[in-house]
Amino acid sequence: MVVARGPQAAGKTRSCWEALRGIPADWRLWHPADPFDGTQVVEGLAQAGPRTVVWLDRVERYLDPVQYRDAGTVQAELRNALHDARRAPVLVIGTVSAAAGVLTRSGGLTPAADTVVRTLIEDAVVDVSPKFTKTELMRLADLADLDDRLAIARDHARSAVPKFLATSRKVHPILAQKSFHTAVEQGDTDTLFMGGTLLRQSGRLEEAATWYQRAAEAGDSQAIEPAAALLTENGESQGAISWLQSLAEAGDPDAAVAAARRLLATGRDAEAIRTYQHAALAGDSNRALRAAAALMRRSGRTQEAVRWLRTCAERGNPVALQEAAHLLWEMGDRTRALKFYTDAGSAGELAAWRDAAERLQSLGRGDEAVIMYRAAVRHGDRQSGLPLADLLVEQGRLQEALEIYLEEAEKQKDPEEQSPDLTVLRRVANLYRFTEQPDKALAWLYEAADRGDVAAFMQIGLILRDKCDQGEACVDEAVEAFTRAAAAGEWHAYRESVWLLRKYRGLKAAVEWLHRRIEGKDRRAVREMADLLREAGMVEEALTWYLRAAEQGSEYAAKYALRLQAQLLSGKDTQVPPEGSGSAATGATEATEVL
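Colleague: So what about the packing of helix 14 (residues 237-249) against helix 16 (residues 269-282)? Which residues, and what values?
Modeller: Between helix 14 and helix 16, whose axes approach to 7 Å, the crossing angle comes to 35°. For the pair helix 14 and helix 16, the contacting residues are Q245, A248 and E249 in the first and E271, T275, H278, A279 and A282 in the second. A class-by-class count of the residues in the contact of helix 14 with helix 16 yields three nonpolar, three polar and two charged.

Colleague: Go over the pattern of salt bridges with me, naming the residues and quoting the values.
Modeller: Scanning the entire structure with this criterion turns up 29 salt bridges. Across the pair R517 and D522 runs a salt bridge, and its minimum N-O distance is 2.9 Å. Summarising the burial analysis for this pair, R517 and D522 share the class buried. One connected set of salt bridges, linked through shared partners, spans R495, R524, R527, E528, D531, R534 and E535.

Colleague: Talk me through the packing of aromatic side chains; I want residue IDs and the actual numbers.
Modeller: The geometry of two aromatic rings is summed up by the distance between their centres and the angle between their planes. Inspection of the entire model under this criterion finds four aromatic pairs. Between Y494 and W513, the aromatic rings sit 6.3 Å apart at their centres with planes inclined by 70°, giving edge-to-face as the arrangement. Taken together, the residues span a long stretch of sequence, with Y494 in helix 29 (residues 492-504) and W513 in helix 30 (residues 507-519) at a distance of 19 residues. For the residue pair Y494 and W513, the accessibility class agrees, reading buried in each case. Among the aromatic residues, those joined into a ring-pair cluster are Y546, Y556 and Y560. The ring of Y556 is capped by R527, whose NZ or CZ atom sits 3.8 Å from the centre of that ring. Above the plane of the ring of Y560 lies R563, whose end atom (NZ or CZ) is 4.7 Å from the centre.

Parameters and conventions
Residues numbered from 1 in each chain as written. Predicted model: local features only at pLDDT ≥ 70, side-chain atom pairs only at ≥ 80, totals over all residues. Heavy atoms only, no water. Axes fitted to C-alpha atoms, helices over the stretch in contact; angles between N-to-C directions. Helix = DSSP H or I, 4+ residues; strand = E, 2+ residues; numbered from the N terminus. Contact = heavy atoms within 4.5 Å. Nonpolar A, V, L, I, M, F, W, Y, C, P; charged D, E, K, R; others polar. Salt bridge = Lys/Arg side-chain N within 4 Å of Asp/Glu carboxyl O. Buried < 20%, exposed > 50% of the residue type's maximum accessible area, 1.4 Å probe, protein only. Phe/Tyr/Trp six-rings, centres within 6.5 Å; stacked < 30°, edge-to-face > 60°. Lys NZ or Arg CZ within 6 Å of the ring centre and 35° of its normal.

This is the structure:
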């Protein structure tokens with residue numbers, strides 16, 4: 001995980017984009033379609049598989065419970081994505097504001113939650129400075145003739161550098177005085193923001209605040225925070241709050257968050273709640289609504305929050321019913337909560353059915369959860385089909401689950417499906433495999449592999465390995481599948497290939513396979529070669545390979561090399577009896593010839 005931290009217009013997003021230039025072409029890039037929908041982030045992290053880049057701008061808005069009610073769920077999924085070896089490698093890259101440390105400690109968070117948020121951010125932070133270093137300035141001077149943007153940056157190296165570099169190769173309109181004034185008169189938000197940045201970096205803070213305010217009032221949400229920060233820095237902290245509240249009352253959720261954060265920092269919780277409420281009633285965003293409900297609950301005003309949410313729902317917002325259900329569930333009033341979830345779902349908030357099902361499932365009330373999931377599917381919720389099938393599998397209702405899996409899998413085959421979930425195909429295959437229908441399982445796994453799901457190759461290899469054990473001649477096909485899995489980062493596939501070749505083709509074949517991997521610059525195969533030779537009783541040869549793997553950075557290999565060296569120096573018998581009888585010794589001789 002890498003998070004670029006810095007002030008506004010420091011070039012955080014651009015830095016992240018440039019960093020991704022070195023990512024191999026077979027990696028996928030994912031980012032939430034709606035940057036304010038934390039649910040999409042949770043789902044994206046949960047589905048992130050090998051060779052996926054998860055891009056999260058302003059990660060604090062997903063990790064701070066004041067801004068997002070289910071921040072704890074995002075934190076959990078983030079940790080899972082980063083630490084689950086079966087899904088590696090996954091890269092999470094994003095940005096965080098310079099004030100994130102303060103933000104994550106506001107709103108009455110518990111110390112434990114505060115530690116989790118700050119640990120996630122601080123351990124991955126790379127600070128992005130808004131100014132060039134002396135070394136960078138020298139490099140910039142050398143390259144300025146290659147790109148108009150670099151020439152502009154060189155000429156303005158003491159002022160608005162990042163904004164120039166983020167533009168197209170054409171000369172920025174700020175250099176043309178007439179274009180600049182025209183853009184200002186027309187209320188162009190990019191130009192107003194640029195003007196604020198130039199004025200701030202020139203030390204003209206009062207004027208900069210005015211320009212940022214104009215940009216924010218014209219609809220640029222990124223200008224809200226720097227405008228408020230400059231007003232505060234200029235000694236107008238109350239003026240900043242009043243200005244933010246006026247935007248919030250007009251329906252701006254970003255302004256509501258900024259105002260509430262400042263109110264909370266000064267202990268004015270009641271005003272913060274009212275600010276969120278005004279934004280929720282005036283705007284079309286549910287961020288302020290959720291934040292208001294969360295603050296009211298933390299302030300001990302849960303029943304009042306439920307009544308207020310009911311009022312919002314009566315004004316046509318079904319999300320308010322869902323939020324009220326969340327509060328009632330946390331209070332322990334499960335019966336009323338389920339009623340609210342059902343009402344929200346019927347009113348069009350399909351996620352409410354799914355939320356109710358998940359909560360029921362967590363209590364072991366599986367049959368009721370199935371009913372809720374089915375209601376969600378019946379009303380058109382595409383995200384409830386798979387969890388419904390998974391639950392049916394847990395209950396042993398395999399045929400019902402298979403029917404749903406097959407239906408979902410057919411949807412993924414639709415050529416118009418822009419982001420197919422290929423794990424569905426593997427789910428179908430796994431169920432067929434579980435019910436001892438390996439040929440059908442293989443057909444679905446090959447379908448997944450053909451569509452780019454490299455994780456399917458490991459499962460293909462395992463099924464073919466079982467077929468080999470049953471006497472079928474499919475060693476080459478199984479090894480090919482394991483080889484593809486190994487290339488995709490499935491480390492256990494190496495051992496499976498080696499084991500299969502040694503069992504059915506002899507030690508020499510296994511050694512030759514590893515040699516081909518090593519010649520292809522596969523560093524993992526070096527350690528596997530050492531393990532294979534050690535298990536075959538060829539300890540001195542194994543030691544050579546362990547030392548080679550250790551030189552490449554393998555701590556495992558370094559420890560084994562030290563152990564074998566110690567045994568050899570002490571004169572102990574280090575030979576591991578080869579598996580099998582005399583044929584194994586013959587295989588060792590042939591392997592020595594290959595080595």
